[in-house]
Amino acid sequence: MLRVLLGFVCALLVSVGFSLLFSLAICCGVDPEARFVSDAASPLLGIFTGAWLVSRKYSWTTGAWIGLFYVVAWLEFWMYVMGRFNPLLWLEEGVAHLTPSHLLWWALAVLAGALGGWVGRVRWSRLVALLLAVFLGLVVFMEVVAHPAPMEPIPGFQVERIGPQEDQTTVYLLTFDFAKQSRFVVGLYDCDSDDAQPYDDSNTSYMGQSLDGLVEKLGYRATAAHRQLLCAINGGFFGESGFSVAHHEEPMVEGDRVLYDVDLLRPRDQAWFLAINSSTSVLGGQSRFSMLPAILWQKLGNYQAVLGGVRPLRVDGNSVALKPGAGATSLQCSRTSIGWSADGSQFYVLVVTDPDSEAASQMQRKMHWPHAGGWDVRDVQKFWEEKGVPFALLFDGGESTQLAYRQGADDYRQLASGYEYSYTLGYFRQRPLLGTLPILPPSEGHRGVLNYLYVEGPMDR
């Protein structure tokens, strides 16, 4: 058992070391959006090396036990994140949210350990050569997969990628042209709908719901309605009360449900409402999208979807004066914003990804250090001004920034900026060196959010 525990500790340390090496490669020019390869490879390489360090020759069983120990340790932490110290919630939240992806990655962890133990005490020179070859091969692979393949044509749907820029900031602009495709559907999804106590305004699993799990869920629901999910982004601002327990700060409407009679977000002049009308109402002459400073609780049911607590940037072609407030006005970080034309025929989604963490950006601002990546609120507002978009608003951003969009028939490109278990250890060429704790599945290393905005289109093209 002591040998297994020692191998587990070695695996953790080596995994973090590999994540730093991959991060250094990104600082040297590899596309930062390929970091998901590093997130997946570092833990497995660490488990393999840890098993090799402590196993006797051909002792694959010792290595397998190291991998299994790793799985058990992460499973215990997963249960704590999902249910705290409540065994009932371990079943209702933890076990209930496990997916085949979890089992696949955990099986790979055991296999990596068994392989590391099987090779036994191979000479250092050969092992280092092998790991170096694997590392370089993965770096090349990262550069290949980081560049999006040509998107499968979908009428009225366009994706423009800008960057990565010199500081590794990457910008995505998604355009939905209702004039070309009138059957787009813009809706909201509240993650409080799928925990142990739905719609109680206390969601304990939002941090445990990764973006790929959310996309799979929304995609399945869209397919059942003979539609296809085209994109999903994080929604409005929300609050935290305790470790990963989220609550709503403003009302919302999801489908036919009017939810959460609360008014918590301040300053009040920055907590507006995004309202989306049904296609029937639009055909009747109403605007497709509305941005309002207030909506009476009794009137919320008049809309198909409503998201309270969003920050106005552009109203009727005029930019709103910016003051300190929601979204940390002067903080350069990842951002999420939407905009639309005066007649509602053009709908835009803007996502800015900062390679650094929000906490690191806050430290840079506090210490008056040079900022490394990201946009502040004025940068977002200026983007809409230059594009001539008359209506625009800001969603939650920073670590909460999420983006998934359809790239092919069964392929989504996903970007989740928030790293719950990584830390900026320094900078090289003004780019962040990130040390990431080895998480399996790797997608669980990203924050979730409390609600999402999504766009669906017809199944036929």
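Going by the structure above, here's the rest.
Computed from a predicted model, the values in this text were never measured in an experiment.

Novice: For this particular structure, what's the right way to read the sheet that holds strand β20 (residues 451-458)?
Specialist: Sheet strands pair by backbone hydrogen bonding; their relative direction is either parallel or antiparallel. Spatially, five strands are ordered β3-β20-β4-β16-β17 in an open sheet, and the strand pairing comes out antiparallel. Sheet topology places β3 (185-190) and β17 (411-416) at the edges, where each strand pairs with a single neighbour. When the angles between neighbouring strand axes are averaged without regard to direction, this sheet yields 25 degrees. Here β3 runs beside β20; their pairing, made up of six bridges, is antiparallel.

Novice: Can you help me understand the nonpolar core in this one?
Specialist: In a soluble, globular protein the nonpolar side chains are often hidden away together inside. Core analysis: the largest hydrophobic core is formed by 37 residues, its most contacted members being F176, I338, F347 and L453. Top contributing element to this core by residue count: strand β11 (residues 305-315), with four residues.

Novice: Teacher, can you tell me more about the packing of helix α2 (residues 35-54) against helix α5 (residues 100-119) here?
Specialist: Think of two packed helices as two axes; the pair is described by the angle between the axes and how far apart they sit. Where α2 meets α5, the axes come as close as 7 Å, and the angle between the chain directions of the two elements is 35 degrees. For the pair α2 and α5, the crossing hand works out as right-handed. When α2 is examined against α5, the residues A40, L44, I47, F48, A51 and W52 are found in contact with a partner set consisting of W105, L108, A109, A112, G113, L115, G116, G117 and V119. Grouping the amino acids of the contact of α2 with α5 by side-chain chemistry returns 12 nonpolar, three polar and no charged.

Novice: Just to check I follow, could you spell out the side chain of E254 for this structure?
Specialist: Assignment of secondary structure puts E254 in strand β7 (residues 252-254). For the buried residue E254, which engages in no salt bridge, the nearest side chain bearing the opposite charge is R221, 5.1 Å off. Of the polar contacts made by the side chain of E254, one reaches the side chain of Y199; its length is 2.6 Å. Apart from residues lying up to four places away in sequence, E254 is in contact with L188, Y189, D190, S193, Y199 and L259.

Novice: Any chance you could explain the packing of aromatic side chains here in plain terms?
Specialist: By convention here, two paired aromatic rings are described through the distance between centres and the angle between planes. Within the structure shown, the criterion is met by 16 aromatic pairs. Here the aromatic rings of W74 and F77 are separated by 5.5 Å at their centres, their planes lie at 40 degrees, and the arrangement is tilted. Residue W74 and its partner F77 are both found in helix α3 (residues 60-83); the two are separated by three residues, about one turn of the helix. Note on W74: relative accessible area 9%, which makes it buried. Classification of F77 by relative accessible area gives partly exposed; the value is 30%. Their ring planes at 70 degrees and their centres at 6.1 Å tell us that F178 and F289 sit as a pair that is edge-to-face. Of this pair, F178 sits in the loop between β2 (170-177) and β3 while F289 sits in strand β10 (residues 289-292), and the two are 111 residues apart along the sequence.

Novice: Would you mind going over a nonpolar patch on the surface with me for this structure?
Specialist: Together, L2, L5, V9 and L13 line one region of the surface with nonpolar side chains, adding up to about 400 Å² of accessible area. Here L13 lies in helix α1 (residues 2-27).

What counts, and at which threshold
Residues numbered from 1 in each chain as written. Predicted model: local features only at pLDDT ≥ 70, side-chain atom pairs only at ≥ 80, totals over all residues. Heavy atoms only, no water. Pairing = 2+ DSSP bridges. Helix = DSSP H or I, 4+ residues; strand = E, 2+ residues; numbered from the N terminus. Axes fitted to C-alpha atoms, helices over the stretch in contact; angles between N-to-C directions. Core = buried A, V, L, I, M, F, W, Y, C linked by side-chain atoms within 4.5 Å. Buried < 20%, exposed > 50% of the residue type's maximum accessible area, 1.4 Å probe, protein only. Left-handed = near helix turned anticlockwise from the far one by under 90°. Contact = heavy atoms within 4.5 Å. Nonpolar A, V, L, I, M, F, W, Y, C, P; charged D, E, K, R; others polar. Lys, Arg positive; Asp, Glu negative; His and termini not counted. Salt bridge = Lys/Arg side-chain N within 4 Å of Asp/Glu carboxyl O. Polar contact = N/O pair within 3.5 Å; in protein donor to acceptor, adjacent residues only side chain to side chain. Phe/Tyr/Trp six-rings, centres within 6.5 Å; stacked < 30°, edge-to-face > 60°. Patch = residues over 30% accessible without salt bridge, like charges linked within 9 Å, V, L, I, M, F, W, Y side chains within 5 Å. Areas by Shrake-Rupley, 256 points an atom, 1.4 Å probe, with all protein chains shown as cover.

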